[in-house]
Amino acid sequence: MKKYLLLFIIAVFAMSCSKKVEVKGKISGGSPLERIEFIEASGVATLPLINIGINKDGTFAGSFEAPKSGMYVMSYGGKQNLIYLKGGQKLELRVME
């Protein structure tokens, strides 16, 4: 029993140290030609960490490595928004246009 408890604690610790951020959601009226991008706001690099495509039904899903916890720029269709993200976070978005 102690062995399983130790394995569980190690698994929880490993998951909490993960820098991977999972993003999924739906955009009503979204266009498959548009893409969602996440850019680190506090860094000097302006290249997107991820480009997520939109499906015909407006759904999207993706994951990326967040270099550090902090502010990130999320852009879609020429619009931008700041969002605070931390490693290991799961983010679900619903956008109504």
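Bear in mind the structure is a predicted one, so any value in this text is a computation, not a measurement. (Residues numbered from 1 in each chain as written. Predicted model: local features only at pLDDT ≥ 70, side-chain atom pairs only at ≥ 80, totals over all residues. Heavy atoms only, no water.)

Draft legend 1. Representation of the packing of aromatic side chains within the structure. Evaluated as defined, the whole model comprises 2 aromatic pairs. Members of the aromatic cluster, joined through ring pairs, are F38, F64 and Y72. (Phe/Tyr/Trp six-rings, centres within 6.5 Å; stacked < 30°, edge-to-face > 60°.)

Draft legend 2. Structural context of the sheet that holds strand β7 (residues 90-96). Judged by pairing direction, the sheet is mixed, and its 3 strands sit side by side in the order β4-β1-β7 without closing on themselves. Taken across any chain shown, the strands that pair with only one partner, and hence form the sheet edges, are β4 (59-65) and β7. Taken pair by pair, the neighbouring strands of this sheet meet at an average axis angle of 20°, ignoring direction. Bridge count for strand β1 (residues 20-28) against β7 is 7 bridges, and the pairing is parallel. From the neighbouring strand, E22 faces β7, where its bridge partner is K90. (Pairing = 2+ DSSP bridges. Helix = DSSP H or I, 4+ residues; strand = E, 2+ residues; numbered from the N terminus. Axes fitted to C-alpha atoms, helices over the stretch in contact; angles between N-to-C directions.)

Draft legend 3. Quick look at the environment of G62. Within the secondary structure, G62 sits in strand β4. With 37 residues separating them in the primary sequence, G62 and G25 have C-alpha atoms 9.7 Å apart. Apart from residues no more than four positions distant in its own chain, G62 is found in contact with V21, E22, V23, I50 and I52. (Contact = heavy atoms within 4.5 Å.)

Draft legend 4. Highlighting the pattern of salt bridges. For the structure shown, the criterion picks out 2 salt bridges. The salt bridge partner of K68 is E40, with a shortest N-O separation of 3.7 Å. Here K68, found in the loop between β4 and β5 (70-76), pairs with E40, found in strand β2 (residues 35-40); they are 28 residues apart in sequence, far enough to count as distant. Here E92 ties to R94 by a salt bridge, and the two come within 3.1 Å at their closest N and O atoms. Residue R94 is classed as exposed on the basis of its relative accessible area, which comes to 55%. (Salt bridge = Lys/Arg side-chain N within 4 Å of Asp/Glu carboxyl O. Buried < 20%, exposed > 50% of the residue type's maximum accessible area, 1.4 Å probe, protein only.)

Read these as spatial facts, not as claims about activity.
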